[in-house]
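# Report on the structure
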Amino acid sequence: MVEESAPRTAFVTGGGGGIGSAICQSLSATGVRVAVADLDFKRASDTAKSCEGFPVELDVMQPISLEKAASDVEAEIGPVDILVNCAGWERFMPFVDTDDEFMDRVLEINLAGPMRVTRRFLVPMISRGYGRIVNIASDAGRVGSSLEAIYSGAKGGLISFTKTVAREVARNGITANCVCPGPTDTPLMKEILGEGERADRVLGAIVKAVPMKRIGVPEDLGPAVVFLASDGAAFITGQTLSVSGGLTMA
Ligand SMILES: NC(=O)c1ccc[n+]([C@@H]2O[C@H](COP(=O)([O-])OP(=O)(O)OC[C@H]3O[C@@H](n4cnc5c(N)ncnc54)[C@H](O)[C@@H]3O)[C@@H](O)[C@H]2O)c1
């Protein structure tokens, strides 16, 4: 008799956002049970409804919030096999116009937050001898991006952090990889660009620069994450995969 293996469990930060929500749907479609973790509980709940997931409130900047979210998820749906760090935040600004408050926020949400969440879930993954970590970085972290100096630094840091964790836990059955979206049509992108003639001009210039002549949609990202989170990707670790229509070929 063939024993049926238990479904895998995923914890997706920023799971209520544009890209995070699409990742939750894609994972769920392959039978993974998904914990949808987001600062915005309404967004998390809406996503969870659409993928039979478990919504949980999480602020990646707050260790107490992280511990509560993590232990609630473990109690409700079991230990986490797959961690997707997708929560992120950004605004366009010349570097010389930024201040420390802005810098702290960008670094906390995009770099320290994912580090904190990774450490929380890595410990039980090591004990169980299995784990898949997929960090959502950005092409900005690979090649830089004007008006995004601190964000680029945070995402570049996330990429090298991921490689180091990948090296440290490779022998424990755990992989860690990054997926880098290019410009993608999400609420974050809309907030960054704003509205009006200038926003249309910037968007037009971005589309022109993309070899595939369009910006991404959240659904472009799900399959890459599903692949890296799968059992079949067991021998792939420390890698960085751009999903950006050819914009970045680094
Ligand atoms: N949209 C793009 O063009 C683009 C490009 C490159 C990389 N990315 C990255 O993709 C990821 C998803 O971005 P998106 O475009 O879907 O944005 P989004 O704003 O639609 O989603 C981000 C989600 O993160 C949540 N979040 C913000 N701060 C949080 C915190 N402190 N704790 C927990 N959750 C928090 C938000 O509530 C939101 O639901 C981010 O890491 C972003 O940096 C996006």
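Above this text is the structure in question.
So, a few notes on the structure that sits alongside this text.

About the criteria used
Residues numbered from 1 in each chain as written. Predicted model: local features only at pLDDT ≥ 70, side-chain atom pairs only at ≥ 80, totals over all residues. Heavy atoms only, no water. Phe/Tyr/Trp six-rings, centres within 6.5 Å; stacked < 30°, edge-to-face > 60°. Helix = DSSP H or I, 4+ residues; strand = E, 2+ residues; numbered from the N terminus. Lys NZ or Arg CZ within 6 Å of the ring centre and 35° of its normal. Contact = heavy atoms within 4.5 Å. Axes fitted to C-alpha atoms, helices over the stretch in contact; angles between N-to-C directions. Parallel < 35°, antiparallel > 145°, perpendicular 65-115°, else oblique. Left-handed = near helix turned anticlockwise from the far one by under 90°. Nonpolar A, V, L, I, M, F, W, Y, C, P; charged D, E, K, R; others polar. Near = heavy atom within 4 Å. Polar contact = N/O pair within 3.5 Å; in protein donor to acceptor, adjacent residues only side chain to side chain. Areas by Shrake-Rupley, 256 points an atom, 1.4 Å probe, with all protein chains shown as cover. Core = buried A, V, L, I, M, F, W, Y, C linked by side-chain atoms within 4.5 Å. Buried < 20%, exposed > 50% of the residue type's maximum accessible area, 1.4 Å probe, protein only.

Turning next to the packing of aromatic side chains. Per the counting criterion, the structure on display carries two aromatic pairs. Their ring planes at 45 degrees and their centres at 4.6 Å tell us that F11 and F121 sit as a pair that is tilted. Placement of F11 in strand β1 (residues 9-13) and of F121 in helix α4 (residues 100-128) is noted, with a sequence separation of 110 residues between them. It is R105 that lies over the ring of W89; its NZ or CZ is 3.9 Å from the centre.

Time to look at the side chain of K155. Looking at where K155 falls in the secondary structure, it is placed in helix α6 (residues 149-169). Not counting residues within four places of it along the chain, the set of residues in contact with K155 comprises N110, I136, A137, S138 and G141.

Turning our attention to the packing of helix α1 (residues 18-29) against helix α2 (residues 41-51). Interaxial distance between α1 and α2 falls to 9 Å at its minimum, and their mutual angle equals 25 degrees. It follows from the interaxial angle that α1 and α2 lie roughly parallel. Seen along the crossing, α1 lies across α2 with a hand that is right-handed. Taken together, the residues of α2 that come into contact with α1 (itself represented by S21, C24, Q25 and S28) are T47, S50 and C51. Taken together, the residues of the contact of α1 with α2 break down into two nonpolar, five polar and no charged.

Our next topic: the site of the ligand. As a structural note, the neighbourhood of the ligand is formed by 29 residues, with I19, D38, Y151, T184 and T186 the closest of them. The separation between an oxygen atom of the ligand and a polar side-chain atom of R43 is 2.8 Å. Within the backbone of C86, a nitrogen or oxygen atom sits 2.9 Å from an oxygen atom of the ligand. Considering the ligand on its own, with 820 Å² of exposed area, one finds that the protein chains cover 94% of that surface. Sorting the residues of the shell around the ligand by element identifies α1, α6 and α7 (187-193) as the ones contributing at least two each. Partitioning the shell around the ligand into residue classes produces 15 nonpolar, nine polar and five charged.

This part covers the nonpolar core. Judged by nonpolar contacts, the single largest core of 32 residues is most densely connected at F11, F121, M125 and I133. Where this core is concerned, the elements lending two or more residues are β2 (33-38), α3 (63-77), α4, α6 and β6 (174-181). The leading source of residues in this core is α6, at seven residues. Not counting the four nearest positions on each side in its chain, F121 is found in contact with F11, A70, E74, V80 and L83. One finds C24, A48, V84 and V134 within the second-largest nonpolar core, a separate group that totals 25 residues.

This part covers the packing of α4 against α6. For the pair α4 and α6, interaxial distance at closest approach is 9 Å and the crossing angle is 15 degrees. When the axes of α4 and α6 are compared, the pair comes out roughly parallel. In terms of crossing hand, the pair formed by α4 and α6 is right-handed. Between α4 and α6, the residues in contact are F102, M103, V106, L107, N110, L111, P114, M115, T118, L122 and I126 and I150, Y151, A154, K155, G157, L158, F161, V165 and V169, respectively.

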